[in-house]
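# Analysis of the macromolecular model
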Amino acid sequence: MSTTIEDTEPEALDKVIIRFAGDSGDGMQLAGNRFTDASAAFGNDLATFPSFPAEIRAPAGTLPGVSSFQVQIADFDILTAGDEPDVLVAMNPAALKSNLADLRPMGTIVINTEAFEERNLAKAGYTENPLTDGSLNAYKVIEVPMESLTKEAVKDTGVSGRDVLRSKNMFALGLMAWLYSRPLEPTVDWINAKFGRKPEVAEANIATLKAGYNFGFTTEATKNSAVTVKPAKLPPGEYTTISGNLSLAWGLIAGAKAANLPLFYGSYPITPASDILHELSRHKNFGVRTFQAEDEIAAISASIGAAFGGHLAVTGTSGPGLALKSEALSLAMMTELPLIVINVQRGGPSTGLPTKPEQSDLLFAMYGRHGESPLPIVAASSPSDAYESAIEAVRIALKYMTPVILLSDNSVATGSEPWRLPERDSLPDFRVTFATKPNSPDGEFMPYVRDPLTFARQWAVPGTPGLEHRIGGLEKEEVSGNVSYNSDNHQLMTDTRAWKVANIANDITPVAVDDPDGASTLVLGWGSTLPVIKAAVRRVRNEGHPIAHAHLRHLNPFPANLGEVLKSYDNVLIPELNTGQLIRLIRAEYLVDAVGLNKVSALPFKVTEIEAKLLEMI
Amino acid sequence: MTTIEYTRGDFQSDQEVRWCPGCGDYTILASVQKFMAASGIRKENAVFVSGIGCAARFPYYMATYGMHSIHGRAPAVATGLATARPDLSVWVVGGDGDMMSIGGNHLIHALRRNVNLKILMFNNQIYGLTKGQYSPTSEVGKTTKSSPMGSIDYPFNPMSLALGAEATFVARTLDMDPKHTGEMLEAAYAHKGSAFVEIYQNCNVFNDKAFIALTSKDDRDSNRIYLEHGKPIRFGQDMEKAVVMHNGEATIVDAAAVDETAILIHDQTNMSMAFALSRLSHSPTGPTPLGIFRSVDERGTYDDGVNAQLAKAKSTKGDGNIDDLIRSLGTWTVG
């Protein structure tokens, strides 16, 4: 081409997948997040997949220390962060080695060449330098001496020592901004806001960002590569970019508002749920009390105390923490107090893979308690859906006076996507009324008098004169709530508690089936597999095959129409990031011969994996 | 608010009390009901929270709000309740196994946070409800069902433990001394923050006479060391014994053998003195201090701290608006 860069129209792509990879100290999550925000501001649809080690700082330069952030941006409504990156930014040999296999054939690699020296190559297990041994010949490689260019860019800003190279992630970001025609302004504004108190650091970061951008602009190696991804045609509305832990926290605040109750959140720090605690602790002006407990058991116990006191009580954790909460959860079930228990699932068992996605706690949520102890289960299926799911969990807990388990997972919690915001003033109103008067003929308050429709008992909070009563873990006599060892009473109370939960099936949205072409195969999912299943379904349909898709938000009880839906298809596929948990529940409940697609490899499904299975089935 | 005149009967629930005949818990229940009636606490504002164990049946017998929770967790349940509802008077009742074994963690954290809880630990030095195993306060060598050759577990000193956990109010009393029990309950209630009261309680079925040195007519006056703030620590049939500091430790001496000025004047605000006094007896088989070891009010309570932050956040940021919150990261509009 003979045109100069100034008059080159960027080539338009419909989508591009970029993965930033480097050492966990290299600021890759930050670079990825900034790129995401700039793309959101530009109007692209997007989805992200951050991946980082469980260690805060694994040894520098090693394979376990690699941190990456993948983002897909598109001019249409994409659903996932994508299977194979088009572009890999590799800040060191370890990042190249651990991510290269995912890159698409002929993909682009941006390499920080100065990190490819003997020591780093050895730490990553390279015996030959991949930059010179020809192993990257099948890719388009952009070599950038990022460290010396960063040093040069910041030399007049006054930063020194370790701060100098700290901004090299901004060089990578600037270069990617140029390559994909992203505006720099959102990032510059963000830097100024973030480092307002350290102007020299702000200046260094901005200088490096611009240096990266200008490097792309001026070098021969990349000048014909500038492409853009045009804004997506998303449904009209007001959007923000949201991650699941944040939207879940906001959903709890919204739920408390809808119920007109103060929110109490008891939690013990645990990955990947801690951000919910962090976020809620920032919003005390909403009447939110956060309690960082001494352990998981205290976190739920204190929440039960707050629930007894009339607060919307919530406790949040991840798998190992749910195990510790199990006994107290049965107490909440027995005392029939409203409580939300959040489980942000991660790879298990035991400490397992704390920063990796898995859906392997469904059966634990369903059955992980002693005695007959059924509880409603609600699962969030995407970062934005976590908001609505939290509100739904609150609604059920309060209306039915029961603990509710709200399942999220690492993909929902740490991934982000554009969220079409609900209209202003559209919050539902399910405000709670506490008991104020005795409910028995002799003027006493009987804690186990039930609502005839919901079977919920009344919520009488301490401080209400005349309604003094005692609750507890011993079996209670129906109506009076006195301790009872009577055998018929235990049968009745056990059955009643089960009926109460089962009956919720009549009060939840029937499962909707997306089946425009009258398919004979249904793919049924739950939780964070929603985007990837949707993408796979779209591909299969584009190839001319009808396929139906349904996704469950309510895992217990199931929607009332689910059995009928399942029986109207010849084949049912259930993809899950576990060894087959929903499928067991479905088979047991409906005697449907569903087929599982299961994976527990610390990664989300690829679209192609589900697509291939569906093509095999139809 | 109108004052209501209560009698002890107003705090008795309609449930039959089912402790073993002769159990020390009956006396304590009566002391607590009597105190509540006189305290001025409105019945609807009192909540008794317990864990599991004989003592933990307590809430069922009080005509107040109450929760019989799970083993060891009562201090945590009560922490949540008191934090959510600082307007309530929240009491925690449990035994030595409940509070110091399975629930030890919650007890020490409630104490260090200074949550506004009144914690009554009925110490009978045995597991009663599970029919007689040694507890974390049983003496070494104790023969029980689970220690046929004698217990090799060294016991906690509950006073030292509570002080070590930074408790702001630490006291000890005795089931057989209802007057003193009443005084300790009153002082605990008046204290702003966590109040830990150990109540020696006789289990006449599984550990009878564990406190005989403090209760028998013959020995009790020689062994009860009543601590009173600002007063010299003397005890004995004729006040012939005294406590002095010797080589940094509280030591019992014949009062006549020391100068009057050497006798320790009890100062309940002095942590070092409180700790020294807690070491005077490790088990109640000889002279044992009873009364308030420590009471300080310089630390704010946890629940007040939480609620002050809420008030501050509201006054600086205004009441939260959910529609603004979900737009707080910046938005864009698709037309």
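Above this text you will find the structure in question.
Now for a quick tour of the structure. Within each chain, residue numbers correspond to sequence positions counted from 1 in written order. Chains and ligands are labelled sequentially in the order written, the chains with letters from A and the ligands with numbers from 1. Whole-chain, interface and lining totals are the exception, using all residues; otherwise, since this is a predicted model, local features are given only for residues with pLDDT of at least 70 and side-chain atom pairs are given and counted only at 80 or more. Side-chain measures were taken over the full set of non-hydrogen atoms in the model, leaving aside hydrogen atoms and water.

## Details of the sheet that holds strand β22 (residues 571-576) of chain A
Residues and elements named next belong to chain A. Strands pair, by our definition, only if DSSP identifies at least two bridges between them. Helix and strand assignments follow DSSP, with helices taken as H or I runs no shorter than four residues and strands as E runs no shorter than two, numbered in order from the N terminus. Sheet architecture is open: 5 strands sit in the order β18-β20-β19-β22-β23, paired in mixed fashion. Each edge of the sheet is formed by a strand with only one pairing partner; in this case those strands are β18 (513-514) and β23 (595-598). Sheet analysis places β22 next to β23, joined by 4 bridges and oriented parallel. Its bridge partner being in β23, Pro-575 is matched across the sheet by Leu-597. What makes two residues a contact is simply this: any of their non-hydrogen atoms within 4.5 Å. Orientation is described by axes fitted as lines to C-alpha atoms, over the contacting stretch for helices, and by angles from 0 to 180 degrees between their N-to-C directions. The strands touched by helix α19 (residues 582-590) are β19 (521-526), β20 (548-552), β22 and β23; relative to β22, the strand with the most contacts, the crossing angle is about 145°.

## As for the side chain of Glu-417 of chain A
Residue and element names in this part refer to chain A. Positionally, Glu-417 belongs in strand β16 (residues 416-420). Only protein chains enter the accessibility calculation, which uses a 1.4 Å probe; a residue whose area is less than 20% of its type maximum is buried, one above 50% is exposed, and one in between is partly exposed. Positive: Lys, Arg. Negative: Asp, Glu. His and the chain ends are not part of the count. In what follows, salt bridge is the name for a side-chain nitrogen of Lys or Arg lying within 4 Å of a carboxyl oxygen of Asp or Glu. Of the side chains with opposite charge, Lys-534 lies nearest to the buried Glu-417, which makes no salt bridge, at 8.2 Å. Identification of polar contacts relies on pairs of N or O atoms within 3.5 Å, with a donor-acceptor requirement for protein atoms, meaning one able to donate a hydrogen and the other able to accept it, and with residues adjacent in sequence counted only if both atoms are side-chain atoms. Of note is the side chain of Glu-417, whose polar atom sits 3.0 Å from the side chain of Ser-382. Separated by 2.6 Å, the side chains of Glu-417 and Ser-384 make a polar contact.

## Observations regarding the pattern of salt bridges
One pass over the full model with this rule turns up 36 salt bridges over all chains. Close ionic contact of Arg-395 of chain A with Glu-392 of chain A constitutes a salt bridge, the shortest N to O distance being 2.9 Å. Taken together, the residues Arg-395 of chain A and Glu-392 of chain A, both in helix α14 (residues 385-400) and 3 residues apart, mark about one turn of the helix. Neither residue differs from the other here; Arg-395 of chain A and Glu-392 of chain A are each classed as buried. The salt bridge partner of Asp-254 of chain B is Lys-241 of chain B, with a shortest N-O separation of 2.9 Å. Remark: Lys-241 of chain B occurs in strand β9 (residues 241-246) and Asp-254 of chain B occurs in strand β10 (residues 249-254); sequence separation between them is 13 residues. Taking relative accessible area as the criterion, Lys-241 of chain B reaches 28% and is therefore assigned partly exposed. Bridged by salt links that share partners, the residues Glu-392, Arg-395, Lys-399 and Asp-507 of chain A form one connected network.

## Re empty space enclosed by the protein
Residue and element names in this part refer to chain A. Detection works on a 1 Å grid of protein atoms alone, calling trapped sets that fit a 1.4 Å probe cavities and calling open sets with protein on both sides within 12 Å along at least five of seven lines pockets, with lining residues defined by an atom within 4 Å of a point. Grid points are joined across faces, edges and corners, and a volume is the space filled by probe spheres set on the points. Enumeration over the complete set of coordinates arrives at 2 cavities of 30 Å³ or more. The computed volume of the largest cavity comes to approximately 80 Å³. Among the residues forming the lining of the largest cavity, the class breakdown is 5 nonpolar, 7 polar and 2 charged. As a volume, the second largest cavity reaches approximately 40 Å³. Every residue lining the second largest cavity is listed: Met-333, Glu-336, Pro-374, Leu-375, Met-401, Thr-402, Pro-403, Arg-497, Lys-500 and Val-501. Per element, the largest residue contribution to the lining of the second largest cavity is 3 residues, and it comes from helix α16 (residues 487-502). Residues are grouped as follows: Ala, Val, Leu, Ile, Met, Phe, Trp, Tyr, Cys and Pro are nonpolar; Asp, Glu, Lys and Arg are charged; every other residue, Gly included, is polar. A class-by-class count of the residues in the lining of the second largest cavity yields 6 nonpolar, 1 polar and 3 charged. Boundary definitions for the domains trace back to an automatic or database domain assignment. Looking at the lining of the second largest cavity, you find at least three residues from each of domain 2 (240-420) and domain 3 (433-507).

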